[in-house]
Amino acid sequence: MTRLLTLLVAVLAINVSAFAQPLADRVPGDALLYVGWAGTQQLGEAYEKSHFKAVMRPDGGGGQFEAIARMVTPIIEREDPAMAPVVMQLGKVLDRMVKHPTALYVGPPVIGEDAPPMPRMALICKAGDDAAALRDEITQWMRDAEVPAPIQVEVIDGVLWLNVGVTPPADKASSLAGKAGFAASFKGLVAQPALAVHVDTVGIVALVDMAAETEMDEYAAAEWAKARDVLGLRGIKRVVWAGGFVDRDWETALFVEAPAPRKGIASLIDSKGPIAPESLKMIPATSSLAGGIRFDLDHFYGWLYETVGALEPNAKADLDEGMAQANEVLGFDLRADLLQGLGADWLYYADRSVAGTSPMGVVFVNRLRKPEARVAVERMILMGNALMIQQLAREEIKIKVNQFAHGDQSVYYLNTPLITPALTINDERLLVGLYPQTVTAAIDREGKPTRGIGEASQFVVLKQKMGVKQVGAFQYADLPQLVDQSYPGVLMMSRLFPGFLDMLGVDTPPLLVPPLNQLRPHLSPAVGFSWVDERGLHVKTRSPFPGASSFGTGLSVNQASVGTTALGLSILLPAINRARTLANRAVSGANLRNIGLGCFAYAQSNNGAFPDNLGVLVADGSVGIKNVVHPDNSKRPPAHMRAKDMGPWVVANTDYVYLGGHDSMPANTIIAYEKLGKKWSREGITILFADGSVRWTRMAEARMLLARQKAR
């Protein structure tokens, strides 16, 4: 049997292979989604010489889909014997189709006044002499499978069409190939793509616009229009992806067309810019694993502030209030000192000089822009430590941040099993690692002159080959260095799913991954880059063959970009979240205090009686709408609702349980308290008493007080 599942993702990619633009002249021009492949018989000379073909080493046998169908047939026969031959036939049909150029089309649905929307889809296969036979096989298969959809199967000029509600284009001008911008969007990607995808985001937004006009009520349609314009969705024209074989390697390219000037969500890519050369020097040229992204936290907060403010009129005031409360709790200016103080370049690397080539020895680096960031980071660490100690005071397990000196630097570490996250700031550089040993070794390395990765020969050569001029994000994995450590793990994971199939009676191939001695000659560094220009966002990757990154980190550039930022800040998040909890608890206490004042003011004009519900206090202006909603809750009444009409909304949506009463109640009587079962009530709740006092109470005591009140 063919080594069927070797590098499973890659096998499926190639054998369902190779999207090709030539069939775009057979696809209608209104395609929202176009997917095409060149066919396994037309992958060309680049594939014949590729590392992928050498690694796969096909040894004969049937087609891949038929072989997969044969494997799963024993399971299907036990559940539904009649379906087993249907599945086998489908495998044979797919094996015949993937030899030829094929395209998938998804267009806008047909929307009628008195009928549900009808989809428009087509699968187009340029099968030539095989077209008639394929048509007959697919027609028979549809009968056997009892396919209910109204799918037409026909052959037009040697091209097989499986379509639902689609009319072939009359000429090239009316096809996708003749659509303005389609061919241009693929320029500079992969010269001879084996796989290609084109998504028309302009058409998708227009389709939602039409649905808003015909299917949504006036309020929902207005909200969609506002969100569309604020997020700048019309400024994102298309998303294009292509993959193919280049110089024996596998190369992919992604292009998001968002022409400048950009606004809304597309404007976020403008904050990236290229990673500074000084930052690249912080990564050793000998690193086996490295990556980074340019991500400005302050720019992101500013974008979020303006965007949320444009979507919700009260949001800016809420964000300002939350930031002021956080600053008061933290004792410094969160935005000016921390967000603006941290650098925009977030990097990571693993190097023999620090902690070996394993990903477990990775170091995260950020070059601070302002010295105030050092004080802010250290203060947040100490505050987070104090909060952890306080919360775990009654527990047997103790987790805390410890500190030791390494030369002139203080190293902070969290005493947890398996990994011991550590952090230090050395010469205005934030260093984070999974172990203190990693961080101390990184400090020592920074004191020695070394070449940076931007000067590494392999890195530079790959960058030039791929036509990359500037780097907004990158990921680099030296697979020859990493494979010795990663190979056993890849073997283990490769047997996870097939192993279960074997236990169910399926005979899976034993060599799902090629032996290491066959792999090693075909391994080279895997790299990915992203950058921004006037046209939009570009991402390019290159590896020896599809799936090769599993022998390094298994991360794509986009995953590395997100992971770098997230892991670099993870040690700070507990302190930030805890500070936010305490700030919200203080705001909620102030809400209840205002409710109490409103009750006593109301009682003065109503013979000592409190109002029937909190809606009365909001309607007469005694209490603001913010005072009846917990700060952890973002819900607000409709913007057009007047205060005097808010009573029913408050009763239905308030986050406080109001018990009512009168002004002569005993001092320890509960007037109102935070609702139970919410995210803010996991540890305890805040309670308003009849003497006007407000107290946060742990949950066990709160339940006792509420039970005592109910028994009165």
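Residues numbered from 1 in each chain as written. Predicted model: local features only at pLDDT ≥ 70, side-chain atom pairs only at ≥ 80, totals over all residues. Heavy atoms only, no water.

## Points about the side chain of serine 267
In plain terms, the rule: To qualify as a helix, a DSSP run of H or I must reach at least 4 residues; to qualify as a strand, a run of E must reach at least 2; elements of each kind are numbered from the N terminus. A 1.4 Å probe rolled over the protein chains alone gives each residue an accessible area, and that area as a share of the maximum for its type sets the label: buried under 20%, exposed over 50%, partly exposed in between. Polar contacts, as used here, are pairs of N or O atoms within 3.5 Å; protein pairs need one atom able to donate a hydrogen and one able to accept it. Residues neighboring in sequence count only if both atoms are side-chain atoms. Working rule for contacts: check all heavy atoms of both residues, and any pair within 4.5 Å makes them a contact.
Looking at the element boundaries, serine 267 is found in the loop between strand E9 (249-257) and helix H10 (277-280). A relative accessible area of 13% means that serine 267 is categorised as buried. Within the local environment of serine 267, its side chain forms a polar contact with the backbone oxygen of glycine 264, the two atoms lying 2.6 Å apart. Apart from residues lying up to four places away in sequence, serine 267 is in contact with Arg262, His299 and Trp303.

## Digging into unusual backbone geometry
For the bond from alanine 260 to proline 261, the omega torsion is 0°, close enough to zero to count as cis. One can find proline 261 in the loop between E9 and H10. At leucine 418, a position not held by glycine, the phi torsion is positive, near 70°. Looking at where leucine 418 falls in the secondary structure, it is placed in the loop between strand E14 (409-414) and strand E15 (422-426). Judged by its relative accessible area of 81%, leucine 418 is exposed. One non-glycine residue, aspartate 427, lies in positive phi territory at about 55°. Within the secondary structure, aspartate 427 is located in the loop between E15 and strand E16 (429-433).

## Some thoughts on a nonpolar patch on the surface
Defined as follows: Candidates for patches are residues over 30% relative accessible area with no salt bridge; among them, like charges are joined within 9 Å and nonpolar side chains (Val, Leu, Ile, Met, Phe, Trp, Tyr) within 5 Å. Computed with the Shrake-Rupley method and a 1.4 Å probe, the accessible areas treat only the protein chains shown as cover for residues. Any carboxyl oxygen of Asp or Glu that lies within 4 Å of a side-chain nitrogen of Lys or Arg is treated as forming a salt bridge with it.
On the surface, a cluster of nonpolar side chains totalling about 610 Å² of accessible area is made up of Met492, Met493, Leu496, Phe500 and Met503. Those elements that provide at least two residues to the nonpolar patch are helix H17 (479-494) and helix H18 (496-503). In terms of residue count, H18 provides more of the nonpolar patch than any other element does, three residues in total. On the secondary structure map, methionine 503 appears in helix H18. The class of methionine 503 is exposed, set by a relative accessible area of 65%.

## Some remarks on the sheet that holds strand E4 (residues 118-125)
Applied cut-off: At least two bridges found by DSSP between two strands are what make those strands a pair. Angles here are taken between N-to-C directions and fall from 0 to 180 degrees, while the axes themselves are lines fitted to C-alpha atoms, restricted in helices to the stretch in contact.
Taken together, the four strands give an open sheet; going across it, the order is E3-E4-E6-E5, and neighbouring strands pair in antiparallel fashion. Of all strands in the sheet, those bounded by a partner on one side alone are strand E3 (102-110) and strand E5 (152-156). Looking at each pair of strands side by side, their axes are set apart by 20° on average, direction ignored. Relative to strand E6 (residues 159-164), E4 is paired through five bridges, and the arrangement is antiparallel. Its bridge partner being in E6, alanine 122 is matched across the sheet by asparagine 163. Across the face of the sheet, helix H6 (residues 131-145) comes into contact with E4, E5 and E6 while running at roughly 175° to E5.

## A few points about the pairing of E15
Burial analysis of E15 places five of its five residues in the buried class, which makes it a mostly covered element. Of the two faces of E15, both are covered, the one formed by Ala422, Thr424 and Asn426 as well as the one formed by Leu423 and Ile425. Bridge analysis of E14 against E15 gives two bridges, and the strand direction is antiparallel. Its bridge partner lying in E15, tyrosine 413 is registered against alanine 422. Note that E15 and E16 share five bridges and pair antiparallel. Its bridge partner lying in E16, leucine 423 is registered against valine 432.

## A few points about the packing of aromatic side chains
The line we're drawing: Centres within 6.5 Å are what make two rings of Phe, Tyr or Trp a pair, Trp counting through its six-membered ring; a difference in plane orientation under 30 degrees is then read as stacked, over 60 as edge-to-face, and the rest as tilted.
Evaluation of the coordinates by the stated rule reveals 17 aromatic pairs. For the ring pair tyrosine 34 and phenylalanine 182, a centre distance of 5.7 Å and an interplane angle of 85° mean the geometry is edge-to-face. Of this pair, tyrosine 34 sits in strand E2 (residues 33-38) while phenylalanine 182 sits in helix H7 (residues 182-185), and the two are 148 residues apart along the sequence. With a relative accessible area of 0%, tyrosine 34 lands in the buried category. Here the aromatic cluster, defined as three or more aromatic residues joined through ring pairs, consists of Tyr47, Phe52, Phe245 and Trp250.

## Focus on the pairing of strand E8 (residues 238-246)
Pairing of strand E7 (residues 195-200) with E8 involves six bridges; the strand directions are antiparallel. Bridge pairing in E8 places alanine 196 opposite alanine 242. Looking at chain direction, E8 and E9 are connected through nine bridges and run antiparallel. Within E9, the residue paired with alanine 242 across the bridge is alanine 253. Two successive antiparallel strands, E8 and E9, enclose a turn made up of two residues, where aspartate 247 displays a positive phi of approximately 50°.

## Things to note about the confidence of the model for the chain
Test applied: Confidence scores labelled pLDDT are given residue by residue by the predictor and lie between 0 and 100.
Looking at the chain as a whole, the pLDDT averages 83, with 90% of positions reaching at least 70. Predicted confidence is poor over residues 1-20, with pLDDT under 50, and the contacts of this stretch with residues over four places away or in other chains come to 85 contacts. Note on residues 554-573: pLDDT is under 50 here. Beyond four places in sequence and across chains, it has 37 contacts.

## Regarding the packing of helix H5 (residues 84-97) against H6
Which entries qualify depends on this criterion: The labels follow the angle: roughly parallel below 35 degrees, roughly antiparallel above 145, roughly perpendicular from 65 to 115, and oblique for the rest. Crossing handedness is read from the near helix: turned anticlockwise from the far helix by less than a right angle, it gives a left-handed crossing, and turned clockwise, a right-handed one. Classification convention: Asp, Glu, Lys, Arg as charged; Ala, Val, Leu, Ile, Met, Phe, Trp, Tyr, Cys, Pro as nonpolar; all other residues, Gly among them, as polar.
Interaxial distance between H5 and H6 falls to 10 Å at its minimum, and their mutual angle equals 155°. In terms of axis orientation, H5 runs roughly antiparallel to H6. Every pair of crossing elements has a handedness; the one defined by H5 and H6 is left-handed. Residues Val86, Gln89, Leu90, Val93, Arg96 and Met97 of H5 lie in contact with H6, whose contacting residues are Ala133, Leu134, Glu137, Ile138, Trp141, Asp144 and Ala145. Grouping the amino acids of the contact of H5 with H6 by side-chain chemistry returns nine nonpolar, one polar and three charged.

## Regarding the sheet that holds strand E22 (residues 684-689)
Pairing is antiparallel in the open sheet, where four strands are placed in the order E20-E21-E22-E23. Edge positions in the sheet fall to strand E20 (656-658) and strand E23 (694-698), since each has one partner strand and no second. Averaged over neighbouring strand pairs, the angle between their axes works out to 25° when direction is ignored. As paired strands, strand E21 (residues 670-674) and E22 are joined by three bridges and run antiparallel to one another. Bridge pairing links tyrosine 673 to isoleucine 687 in E22.

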